[in-house]
Amino acid sequence: MSRLRAEHLYKVFGRRPEAAVQRLRDGAGREELRADGITAAVIDASFEVRAGEIFVVMGLSGSGKSTLLRMLNGLLDPTAGRVLYDGRDLTALSPRELREVRSRNISMVFQHFALFPHRSVLENAAYGLEVRGVPRAEREERAAEALELTGLGGWERSWPDELSGGMQQRVGLARALATDADLLLMDESFSALDPLIRRDMQDQLLDLQKRLKKTIVFITHDLNEAMRLGDRIAVMRDGRIVQNGTAEDILVRPANDYVASFIQDVDRTRVLTAGSIMEKPDPERLDPERPGGSAGEHAATVPSGTPLAELFAPFAHSTAPVAVTDERGQLAGIVTRERLLAALGEQPTTEVTA
Ligand SMILES: Nc1ncnc2c1ncn2[C@@H]1O[C@H](COP(=O)(O)OP(=O)(O)O)[C@@H](O)[C@H]1O
Ligand SMILES: [Mg+2]
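The structure displayed is predicted, hence computed values, not measured ones.

### A short note on the overall build of the protein chain
A tally of regular secondary structure across the protein chain gives 16 helices and 13 strands. Overall, the protein chain is about 65 × 55 × 35 Å in size when its C-alpha atoms are taken along their principal axes. The 354 residues of the protein chain split such that 49% are buried. Across the protein chain, every contact between residues at least 6 apart in sequence was considered, and the portion connecting residues at least 24 apart equals 68%. Accessible surface for the protein chain amounts to roughly 17400 Å². Of this, 48% is attributable to carbon and sulfur atoms. Of the side-chain charges in the protein chain, 45 are positive and 53 negative, and the distance between the mean point of each set is 5 Å.

### Details of the domain arrangement of the protein chain
The assigned domain composition of the protein chain is domain 1 (50-266) and domain 2 (271-345). Computed over C-alpha atoms, the centres of domain 1 and domain 2 are 36 Å apart. On the domain 2 side, the residues contacting the six residues of domain 1 number four residues. Across the domain 1 to domain 2 interface the summed buried area is about 350 Å²; carbon plus sulfur atoms make up 77%. A per-residue breakdown of the area domain 1 buries against domain 2 is headed by Met227, Glu248 and Leu251, which together make up 81% of the total. At the junction of domain 1 with domain 2, the criterion picks out one residue pair in polar contact (both at pLDDT 80 or more). Considering every element that reaches the side of domain 1 that touches domain 2, the biggest residue donor is helix 11 (residues 247-252), with four residues.

### Some points on the side chain of Glu156
Examined against the element boundaries, Glu156 turns out to sit in the loop between helix 7 (136-149) and helix 8 (165-178). For Glu156, which is buried and forms no salt bridge, the nearest opposite charge comes from Arg157, at a distance of 6.5 Å. Here Glu156 is in contact with Ser120, Val121, Leu122 and Leu147, once residues within four sequence places are set aside.

### Re the pattern of salt bridges
Within this structure, the stated rule accounts for 23 salt bridges. Here Glu100 makes a salt bridge to Arg104, at a shortest N to O gap of 3.1 Å. Of this pair, Glu100 and Arg104 both sit in helix 4 (residues 95-105), four residues apart, which is roughly one turn of that helix. Judged by relative accessible area, Arg104 falls into the partly exposed class, the value being 49%. Each member of the salt-bridge network shares a partner with another, and the members are Arg5, Glu7, Glu48, Arg82 and Asp89.

### Re the sheet that holds strand 11 (residues 300-303)
The three strands are arranged 11-12-13 in an open sheet whose pairing can be described as mixed. At either margin of the open sheet sits one strand with a lone partner, and together these are strand 11 and strand 13 (331-335). On average, each strand axis in the sheet is inclined to that of its neighbour by 30°, with strand direction left out of account. As defined by bridge partners, strand 12 (residues 322-325) adjoins strand 13 across four bridges and the pair is classed as antiparallel. Bridge pairing links Thr325 to Leu331 in strand 13.

Cut-off values and rules
Sequence positions are assigned chain by chain, starting from 1 and proceeding in written order. Starting at A for chains and at 1 for ligands, labels are handed out in the order in which the entities are written. Owing to the predicted nature of the model, reporting of local features is limited to residues with pLDDT of at least 70; listing and counting of side-chain atom pairs is limited to 80 or more, with chain, interface and lining totals taken over all residues. For the side-chain quantities, the full set of heavy atoms in the structure was used; hydrogens and water were omitted. Only DSSP runs of H or I reaching four residues or more are called helices, and only runs of E reaching two or more are called strands; each is numbered from the N terminus. We call a residue buried when its accessible area falls under 20% of the maximum for its residue type, exposed when it is over 50%, and partly exposed in between, using a 1.4 Å probe and counting protein chains only. Should any heavy atoms of two residues lie within 4.5 Å, those residues are considered in contact. Every accessible area reported is derived by Shrake-Rupley at a probe size of 1.4 Å, with residue values counting cover from the shown protein chains alone. Only four residue types enter the charge count: Lys and Arg as positive, Asp and Glu as negative, with His and the chain ends excluded. A charge is said to be at NZ when it belongs to Lys, at CZ for Arg, at CG for Asp and at CD for Glu. Those domain boundaries reflect an automatic or database domain assignment. Summed over both partners, the accessible area (1.4 Å probe) lost when two parts come together is defined as the buried area. Polar contacts, as used here, are pairs of N or O atoms within 3.5 Å; protein pairs need one atom able to donate a hydrogen and one able to accept it. Residues neighboring in sequence count only if both atoms are side-chain atoms. By definition, a salt bridge exists where a carboxyl oxygen of Asp or Glu is found within 4 Å of a side-chain nitrogen of Lys or Arg. Here, any two strands with at least 2 DSSP bridges between them count as paired. Angles here are taken between N-to-C directions and fall from 0 to 180 degrees, while the axes themselves are lines fitted to C-alpha atoms, restricted in helices to the stretch in contact.

Here it is in structure tokens:
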């Protein structure tokens, strides 16, 4: 089920934007328009975000990510194209209806989260509810729950300047969670944090997501972050989405040389999974009577979603293959040491695009 849907979105800044869209549709390039003082920030972007997934938009600075995100919550009007939220065309709503949807269903978390210095952590987390006119007792209760969820339980009465940068960013997340909005739009929300704290926040978001099942659009310029968080990832370049797929799709089948150059630095052992490289079981060597087991010796048994990084330890102690089980715990395949090494050495193949 798609919660959010972008259809052929364009955003052009400059004179006569509609005419510029027509030029783009007729094949004009971004550079050509730039020479005329026109910025094509987003060009023909289409995608769907399913309920409960983390959809990541990844691209270098200036590639159009923030502009795209602002169109998704109606802060910016598309020059062309539509945004559908639960099937409703955001671009066709009256200003009042749009404000209603924005305040009730959509929350935004920015990179630099501005806390009010003279309000307590609790009041800061409750701010989104205050704006909506939720009575004090209720908003404080919901804000306290949200702070608890983000690991800030006990800090309610503290002041923002008593918190570290990472904790302040958590207050931002708590503010968004407290509103109960089911769509979270996160624009480089962790980019300003130190690497360790950032990783911590990524873990926390994944953990929260398991429980809360929000629909999240997460923007980042960091491919490793994209791959850790994204159920699906859209890669943007110069205003266009050049690939849209799972981390594994992007790693194994990059759509073009641009994406291929991006993924060179990605840690493949953390993206590829046992299930993606396993060999289907050899019936001769299996014992079908034993669920998840086989007649042969195994170095270990792991679920199919296990990252390759976690297969090294079993192979350090044994030359036997690792058994891979499916979601029901049944044996789905095996990974041999050779298979693991081959998967890590493989160079991704790029499809030739005309
Ligand atoms: N309000 C605006 N007016 C003019 N140009 C803009 C405006 N907002 C963004 N841009 C331009 O659009 C392009 C995409 O910007 P942005 O969406 O902020 O990219 P990103 O978030 O990926 O860094 C950039 O060239 C930027 O300068
Ligand atoms: Mg941006």
